[in-house]
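What follows is the residue order along each chain.
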Amino acid sequence: MTGDLSQFKNIAIVNTLRSCQLFTGLPTADLENIAAVTVIKSLEKNQYLFHESEPARGFYVVQRGAVNVHRVNAMGKEQVIHVFRAGESFAEATLATDAGYPADARALEATQVLLVQKNGILALLKRQPELALRMLGSMSAHLRVLVGQLEDLTLKNVETRLANWLMKRCPDPASVKPVQIKLTMTKRVLAAELGTVSETFSRTLAKLREQKLLMVKGNTVLVLSPRRLHEVLLRNLGEA
């Protein structure tokens, strides 16, 4: 029975690694080698995975749930860098430094992650340089996403950030036809990603509903007129 359980866990780890962009296209044998240096970690809601400057044990792949990676500024305010979800990896850059983790990471809900252990993966990369090149490419893609995220967070208020987030998911900003957007995360997680708290996020949604710009039902947001919402966004940015 113990052997069967171990084999089941190994299959689950390999399947999660396969779904991660970092390892897309790797043959099963390579994934099994990575799985051999990987352990599963379960986190309760609001439990910290690591803190800033803590020695790096390796990098992570989210198996289920969501992880809020953030820093705390001098005023004690939490600034969300990114919310990572199932299939996404983070903290790969710590493999190349001894400086420790550059931020804090906390589970936003019951979460399970894979820890790809530092010593084990470094030994594997020495044997397989092509995997190291693949990881560099993935980290470059992460950087582009994070730069875009930081640019969005410089927008002046939550209404502007939310309008910008919604417009990015509307195929045609000039359309007057309603666009349905399915939320793949809870509203609380989305609020964190937009750099705000649930209460402020809910008030902002209500304000946009009152302006008849959108409707919300469960995890679906209906943008009633992308053109009108785009006009609000431009006005808030001082471009209209």
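For the structure given in this document, a descriptive report is provided here. (Residues numbered from 1 in each chain as written. Predicted model: local features only at pLDDT ≥ 70, side-chain atom pairs only at ≥ 80, totals over all residues. Heavy atoms only, no water.)

### Considering the pairing of strand β5 (residues 78-85)
Rules: In this analysis, strands are considered paired if DSSP registers two or more bridges between them. We count a stretch as a helix when DSSP gives it H or I for four or more residues in a row; a strand needs E for two or more, and each element gets its number in order from the N terminus.
Inspection of the sheet shows strand β4 (residues 66-72) paired to β5 by 7 bridges, in the antiparallel sense. Across the sheet, Val-67 pairs through a bridge with Phe-84, a residue of β5. Between β4 and β5, which pair antiparallel in sequence order, lie 5 residues; one of them, Gly-76, sits at a positive phi of approximately 85 degrees.

### Details of the nonpolar core
The cut-off we apply is this: Think of a nonpolar core as a cluster: buried Ala, Val, Leu, Ile, Met, Phe, Trp, Tyr and Cys residues, connected wherever their side-chain atoms sit within 4.5 Å. Each residue is assigned to one of three classes by its accessible area relative to the maximum for its type, calculated with a 1.4 Å probe on protein chains only: buried under 20%, partly exposed between the two thresholds, exposed over 50%. We call two residues contacting when some pair of their heavy atoms lies within 4.5 Å.
Counting 38 residues, the largest nonpolar core has Leu-17, Phe-23, Ile-34, Phe-59 and Phe-90 as its most contacted members. Once residues within four sequence positions are removed from consideration, Phe-59 is found in contact with Leu-22, Phe-23, Phe-90, Ala-91, Glu-92, Leu-95, Leu-114, Leu-115, Val-116, Ile-121 and Met-135. Among the nonpolar cores identified, the runner-up in size contains 29 residues, and Leu-108, Met-167, Val-223 and Val-232 belong to it.

### Looking at the pairing of strand β7 (residues 104-107)
Where burial is concerned, the two faces of β7 agree: the one with Asp-104 and Arg-106 and the one with Ala-105 and Ala-107 are both buried. For strand β2 (residues 48-50) and β7, the ladder comprises 2 bridges, and the chain directions are antiparallel. Its bridge partner being in β7, Tyr-48 is matched across the sheet by Arg-106.

### Notes on the side chain of Gln-128
Mapped onto the secondary structure, Gln-128 falls in the loop between α3 (118-127) and α4 (129-153). Other than its neighbours up to four places away in sequence, Gln-128 contacts Asp-30 and Asn-33.

### As for the side chain of Thr-16
We apply this condition: Whenever two N or O atoms come within 3.5 Å, that pair is a polar contact, provided that in protein one can donate a hydrogen and the other can accept it, and provided that, for residues adjacent in sequence, both atoms are side-chain atoms.
Secondary-structure assignment places Thr-16 in helix α1 (residues 2-19). Engagement of the side chain of Thr-16 in a polar contact is seen with the backbone oxygen of Ala-12, the distance being 3.0 Å. Polar side-chain contacts of Thr-16 include one of 3.0 Å to the side chain of Gln-63. Residues in contact with Thr-16, not counting those within four places in the same chain, are Val-61, Val-62, Gln-63 and Leu-114.

### Quick notes on the pattern of salt bridges
Counted only if it meets this: Every case where a carboxyl oxygen of Asp or Glu lies within 4 Å of a side-chain nitrogen of Lys or Arg is listed as a salt bridge.
Throughout the structure, instances matching the rule amount to 4 salt bridges. The salt bridge involving Arg-71 is made with Glu-52; its shortest N-O contact spans 2.4 Å. Separated by 19 residues along the polypeptide, Arg-71 in strand β4 and Glu-52 in the loop between β2 and β3 (58-64) bring together distant segments of the chain. Residue classification places Glu-52 among the partly exposed residues on the basis of a relative accessible area of 32%.

### Details of the sheet that holds β5
Stated precisely, the cut-off is as follows: Axis lines are fitted to C-alpha atoms, over the contacting stretch for helices. Their N-to-C directions set the angle, which ranges from 0 to 180 degrees.
Strand order in the open sheet formed by 4 strands is β2-β7-β4-β5, and the pairing between neighbours is antiparallel. Of all strands in the sheet, those with a lone pairing partner are β2 and β5, marking the two edges. In this sheet, neighbouring strand axes are inclined to one another by 30 degrees on average, regardless of whether the strands run parallel or antiparallel.

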